[in-house]
Amino acid sequence: MNHFLTRRSFILIPIMSILKKIFQPIQVLASSSSSKEEWTLSKEEWKSRLGPESYYILREEGTERAFSSKLNNEKRKGVFCCAGCDLPLFLSDKKYDSGTGWPSFWDPIQGSIETKVDFKLIVPRTEYHCSRCGGHQGHVFNDGPPPTGKRYCNNGLALRFVPD
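Residues numbered from 1 in each chain as written. Predicted model: local features only at pLDDT ≥ 70, side-chain atom pairs only at ≥ 80, totals over all residues. Heavy atoms only, no water.

Engineer: Whenever I open this one, the environment of Pro-88 confuses me. Can you help?
Structural biologist: Of note, Pro-88 is situated in strand 3 (residues 88-91). What makes Pro-88 partly exposed here is its relative accessible area of 34%. Sequence separation between Pro-88 and Ile-113 is 25 residues, and the spatial gap between their C-alpha atoms is 9.8 Å. Setting aside residues no more than four positions away along its own chain, Pro-88 makes contact with Val-79, Phe-80, Cys-81, Ile-109 and Ser-112. (Helix = DSSP H or I, 4+ residues; strand = E, 2+ residues; numbered from the N terminus. Buried < 20%, exposed > 50% of the residue type's maximum accessible area, 1.4 Å probe, protein only. Contact = heavy atoms within 4.5 Å.)

Engineer: When you look at the sheet that holds strand 3 in this model, what are you seeing that I'm missing?
Structural biologist: For sheets, the rule is that strands pair by backbone hydrogen bonds, running either parallel or antiparallel. Ordered by their spatial adjacency, three strands build an open sheet running 3-2-10, and the pairing between neighbours is antiparallel. Across the chains shown, the open sheet's two edge strands, defined by having one partner strand only, are strand 3 and strand 10 (159-163). Averaged over all adjacent pairs, the angle separating strand axes in this sheet is 30 degrees, with direction ignored. Relative to strand 3, strand 2 (residues 78-82) runs antiparallel, the two being bridged by three bridges. Each residue of the ladder has a partner; that of Val-79, found in strand 3, is Leu-91. (Pairing = 2+ DSSP bridges. Axes fitted to C-alpha atoms, helices over the stretch in contact; angles between N-to-C directions.)

Engineer: In this structure, what is going on with the environment of Gly-111? I would like to understand it.
Structural biologist: Note on placement: Gly-111 falls in the loop between strand 5 (104-105) and strand 6 (113-118). Given the relative accessible area of 15%, Gly-111 is considered buried.

Engineer: What exactly am I supposed to notice about the pattern of salt bridges here?
Structural biologist: Here the idea is simple: oppositely charged side chains can pair when their charged atoms come close. Under the defined criterion, the tally for this structure stands at six salt bridges. The shortest N-O distance in the salt bridge between Asp-86 and Arg-160 comes to 2.8 Å. Taken together, the positions of Asp-86 in the loop between strand 2 and strand 3 and Arg-160 in strand 10 put the pair 74 residues apart, joining distant regions of the chain. The exposure class of Arg-160 is partly exposed, given its relative accessible area of 38%. Here Lys-94 and Asp-93 are joined by a salt bridge, their closest N and O atoms 3.9 Å apart. (Salt bridge = Lys/Arg side-chain N within 4 Å of Asp/Glu carboxyl O.)

Engineer: It is not clear to me how the nonpolar core should be interpreted in this structure. Could you clarify?
Structural biologist: Counting residues in each nonpolar core, the largest one holds 22 residues, and the members touching the most others are Phe-80, Cys-82, Leu-89, Phe-90, Cys-130 and Tyr-152. Breaking this core down by element, the ones donating at least two residues are helix 3 (52-60), strand 2, strand 3, strand 7 (125-130) and strand 10. With three residues, the single largest contributor to this core is helix 3. Setting aside residues no more than four positions away along its own chain, Leu-89 makes contact with Phe-80, Cys-81, Cys-82, Pro-108, Ile-109, Ser-112, Ile-113, Cys-130, Gln-137 and Leu-159. (Core = buried A, V, L, I, M, F, W, Y, C linked by side-chain atoms within 4.5 Å.)

Engineer: Please clarify how unusual backbone geometry should be interpreted in this entry.
Structural biologist: Residues apart from glycine generally show negative phi values, whereas peptide bonds are mostly found in trans. Note the cis peptide between Pro-146 and Pro-147, where omega equals 5 degrees. Mapped onto the elements, Pro-147 comes out in the loop between strand 8 (136-141) and strand 9 (151-154). Of note, Phe-67 is a non-glycine position whose phi angle comes to about 65 degrees, a positive value. Topologically, Phe-67 is positioned in the loop between helix 3 and strand 2. The residue Asp-86 is not glycine, and still its phi comes out positive at about 70 degrees. The class of Asp-86 is partly exposed, set by a relative accessible area of 35%.

Right, dumping it as structure tokens:
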């Protein structure tokens, strides 16, 4: 018997497809408000501005391999900016080692990010983007340290570090 084509999959696949259409995109209240300064570059302009890996992450909502970013071990004081438009997103004193393999932060700079619900893994997750250019940064989870309890798990290739 083909394990992929079970009775459960015949029921769940259409239901999840319908739910994805109904619930995407949902704007979720974030800890910030949008700057409303929009960047409208063409696909070609973004590709020339970013490398192939950064383009995949920022513009196609991809994810880099865990433990592959040099920024995961960045300990200097400074600011982590969007690699797409240089908007400051996180201060270095809000970064911590989550053990996940991606740069993690417990609080963004006010007004720097926007969120939406992502159903790519069927289970809803909160995805966050740069509020200026809309570049995909990562996902936010409710298992971070005090005082926010949030873990902003960021793709390193979506960031640029500017030391103080």
